[in-house]
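Take a look at the letters that make up each chain.
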Amino acid sequence: MSAKRYSWGRYPRYPQTLRPVSWRDEVPVALNDTARAGTTTLPWGNGRSYGDSCLAASDRVLAMGGLRRVMSVDWDAGILRAEAGVTLADILALAIPHGWFLPVTPGTQFVTLGGAVANDVHGKNHHRRGTFGAHIRRFALQRSDSGLHVCDANADPALFSATIGGLGLTGVILWVELQLMPVTSSFLDVVSTRFGDLPEFFVLSEALDEAHEYGVAWIDCLARGRTLGRGIYMAANHADDTRLAAPSKRKLAVPLTPPVSLINGLTLRAFNALYYGRHKEKTRTYVSDHDRFFYPLDGILHWNRIYGPHGFQQYQCVIPTAAAHDGISAILAAIADSGTGSFLAVLKRCGDMPSPGLLSFPMAGTSLALDFPESKANQRLFPRLDAIVREAGGRLYAAKDAHMSGEDFRAAYPTWTDVEALRDPVLLSRFWQRVIRS
Amino acid sequence: MSNIVIFGATSAIAGACARLWAVQGARFHLVARQAERLEQMRADLLARGAADVEVTVADLADCAGHAALVGTIVRHLTHIDIALIAHGVLPDQAACEASAEETLRQLDINALSVISLLTLLANVMATRGSGTLAVISSVAGDRGRGSNYVYGAAKAAVTAFCDGLRARLFKRGVHVLTVKPGFVDTPMTAGLPLPAPLVASPEKVASDIVAATATRRNTLYTPWFWRGVMAVIRLVPEGLFKRMKL
Ligand SMILES: Cc1cc2nc3c(=O)[nH]c(=O)nc-3n(C[C@H](O)[C@H](O)[C@H](O)COP(=O)(O)OP(=O)(O)OC[C@H]3O[C@@H](n4cnc5c(N)ncnc54)[C@H](O)[C@@H]3O)c2cc1C
Ligand SMILES: NC(=O)c1ccc[n+]([C@@H]2O[C@H](COP(=O)([O-])OP(=O)(O)OC[C@H]3O[C@@H](n4cnc5c(N)ncnc54)[C@H](OP(=O)(O)O)[C@@H]3O)[C@@H](O)[C@H]2O)c1
């Protein structure tokens, strides 16, 4: 097939040519071919990373989506072994009727197991369960130079920790064995609370996270001054109503890319005011199905197209606890000042559970994520934000990044040298090329 | 719970169909020529809810073995609710043009082996008076094209055979579904310069096939727009068609 693919932000615009694999034994063949041709490649999951960490330096990727078979499953113990191209949506559909759930899920279910490991993704329960990598029992890694490795924390521990959050550089993950989480219901009891400013967010998250499996806040990033950092805090636990249903859902889709971005100051202001203003009461409680709670954006397929042909960037940073309040307010002020930003400003407290991965993004502190339509303004704003993050001892998330400087990356992730030492010689991303050289 | 046999089970389209049927708790008999891949499918389908999966390794080009093969399948499944015939090869047209032997080999696997299996399965199903034969033909069988007519001729034979078989078996309670996919993103088409907007995923095609099997459609174009596309292509006068590069 000749379709070219971009990363989720559709920026930077390097169209990727896909070489699909359908069976596990085709992976070593593809790696050999790449080595013999003297070039490089990169595993491609489902392209849900925003920037250039899922783009191959050669612009030729190994598409893993055809490896979507479950290999074994133990519904008594909740242990599932599946090929790397199996999506989280697939796993939920299988597991929920048996009373199991993903222990960690990002804000979209359309990511693959391989991608979830390679970015060591986190979710709304990071304060309780840590990252995805913390729930991996073992995985198989195919390398061009040393063949097949079955890695766990004891066998091949160096490769195990370099691969979790390893950005697809240490080899091609063939399958993953995951420990699922038991649940009483796939529905959630949600408490959503309106907060007027940033200090109130910290008070709320302190109070609510303790008693809730999930916690996340939405921030009106266009509010300034007195209302800077106002938003809505959502905390939730699985209900105990024993309903285990993967809801069937109708999906809307953005069929094509509009010629200009539909996200501009005006639509944003209207959207944010509406969202916050509609939340009349201080606190609301309701029951939500897991789809709506975890994946509100998955209901609109290809929503990334609304940003138009130039695409967009997501800025996601985490600021360590001690500096969190000051750092996040400085960032929000700088963004409000710039008049750009999006309806997707997400604030989340990260816990202190260490991840097994070397390059994992989360740290104990507070993470902020929001989208920016691609424009010159970002080139002025991002360095300002980067300076605040650097000052506060925080870091940026590679899965979302298309801009951070090599210097910032290497300072924030000093173990990058260990990953580089274990990198498969035929695997290289545009991101890696950018941050270890520049 | 349905009893389903799939020929060419390791095909991407067939695999996607099987995953959908597995969720419904189907019992499977899978036939393909690569044992290890069949084992991987077996594990997958069982994990997804299949009640039972049996596999048989066979090269379907060997038509002499078909009677015994169908016998094995019937012994396992007792009766067959759905037989999906999915195996196929996209010929190297240039090689076919250069060699009559190669052309016949391609017709063997894409047409004769399918017709052979259909003949045997039709009788098994007719005796019982139930069952659905779902056969993957192709839009390529709707009109021979200069660039791909060996494949097109094979699929045209399958389509015409199915038309007749459907009329014969209708009176016996057996249904025949002819599936005509357009371009599908599978190993068969990997590396071909296909127009990306017209290429469907095997999952999309599979969900159409599974639905059409349940509702007993006669002919399924998948995705749906190929019905219109092929209607237009069939209307082009031959005098013009032979001048076109298609
Ligand atoms: C709407 C939305 C919400 C999101 N929310 C969150 C969130 O809450 N938390 C979070 O952490 N992330 C979040 N993300 C980011 C997303 O979870 C990650 O980028 C994820 O890694 C994407 O997975 P993918 O399968 O699409 O992989 P890709 O984006 O295709 O690839 C990601 C990386 O994985 C590598 N890779 C893929 N497959 C393999 C393999 N088989 N072997 C080795 N390496 C492989 C690639 O080389 C690449 O480096 C979100 C993304 C979107 C679009
Ligand atoms: N992809 C398209 O665009 C498209 C369009 C229209 C119609 N179709 C039809 O759809 C069907 C499925 O194809 P697909 O697209 O899913 O491609 P695919 O994944 O390549 O599947 C083809 C399958 O046929 C099997 N096969 C070939 N020769 C065989 C033999 N002698 N004995 C046993 N099995 C044999 C192959 O097995 P091995 O792996 O062992 O070779 C393979 O599993 C085919 O009939 C094809 O003609 C496809």
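Only a predicted model underlies this, so the values are computations on that prediction, with no experimental measurement involved.

1. Remarks on the site of ligand 1
All names here are of chain A.
- Every one of the 34 residues lining ligand 1 counts as a neighbour, but P43, R48, S49, T112 and Y397 are closest to it.
- Taking G107, its main chain carries an N or O atom lying 3.0 Å from a nitrogen atom of ligand 1.
- Contacts to ligand 1 include Y397, whose side-chain N or O atom sits 2.7 Å from an oxygen atom.
- Calculation on ligand 1 without its partners gives an accessible area of 960 Å², and the protein chains cover 95% of this total.
- For the shell around ligand 1, the elements supplying multiple residues, two or more each, are strand 3 (43–44), helix 3 (113–118) and strand 10 (172–179).
- Ranked by residue count, the leading element in the shell around ligand 1 is helix 3, at three residues.
- Class assignment of the residues belonging to the shell around ligand 1 gives a composition of 18 nonpolar, 14 polar and two charged.

2. Quick look at the site of ligand 2
All names here are of chain B.
- Around ligand 2 sit 28 residues in total, of which T10, R33, D59, Y151 and T186 are the nearest.
- Between ligand 2 and R33, the relevant distance is 2.8 Å, taken from an oxygen atom to a side-chain nitrogen or oxygen of the residue.
- Protein coverage of the free-state accessible area of ligand 2, which is 880 Å², stands at 91%.
- Looking at the shell around ligand 2, the elements with two or more residues in it are helix 1 (12–23) and helix 6 (149–170).

3. Thoughts on the sheet that holds strand 7 (residues 219–222) of chain B
Residues and elements named next belong to chain B.
- As summarised here, the arrangement of the seven strands in space is 3-2-1-4-5-6-7, forming an open sheet in which the pairing is parallel. A strand with exactly one partner marks an edge of an open sheet, and here the two such strands are strand 3 (52–57) and strand 7. Strand-to-strand twist in this sheet, taken as the mean axis angle between neighbours without regard to direction, amounts to 15 degrees.
- The pairing of strand 2 (residues 27–32) with strand 3 spans six bridges and is parallel. The partner of R27 across the bridge, within strand 3, is D52.
- Along the sheet, helix 2 (residues 35–47) contacts strand 2 and strand 3; its crossing angle with strand 3, the most-contacted strand, is approximately 170 degrees.

4. Digging into the pairing of strand 9 (residues 147–151) of chain A
All names here are of chain A.
- The pairing of strand 8 (residues 136–143) with strand 9 spans five bridges and is antiparallel. Note that in strand 9 the partner of Q142 across the bridge is L148.
- Here strand 8 folds back onto strand 9 in antiparallel fashion, the turn holding three residues.

Definitions and limits used
Residues numbered from 1 in each chain as written. Chains lettered and ligands numbered in written order. Predicted model: local features only at pLDDT ≥ 70, side-chain atom pairs only at ≥ 80, totals over all residues. Heavy atoms only, no water. Near = heavy atom within 4 Å. Polar contact = N/O pair within 3.5 Å; in protein donor to acceptor, adjacent residues only side chain to side chain. Areas by Shrake-Rupley, 256 points an atom, 1.4 Å probe, with all protein chains shown as cover. Helix = DSSP H or I, 4+ residues; strand = E, 2+ residues; numbered from the N terminus. Nonpolar A, V, L, I, M, F, W, Y, C, P; charged D, E, K, R; others polar. Pairing = 2+ DSSP bridges. Axes fitted to C-alpha atoms, helices over the stretch in contact; angles between N-to-C directions. Contact = heavy atoms within 4.5 Å.

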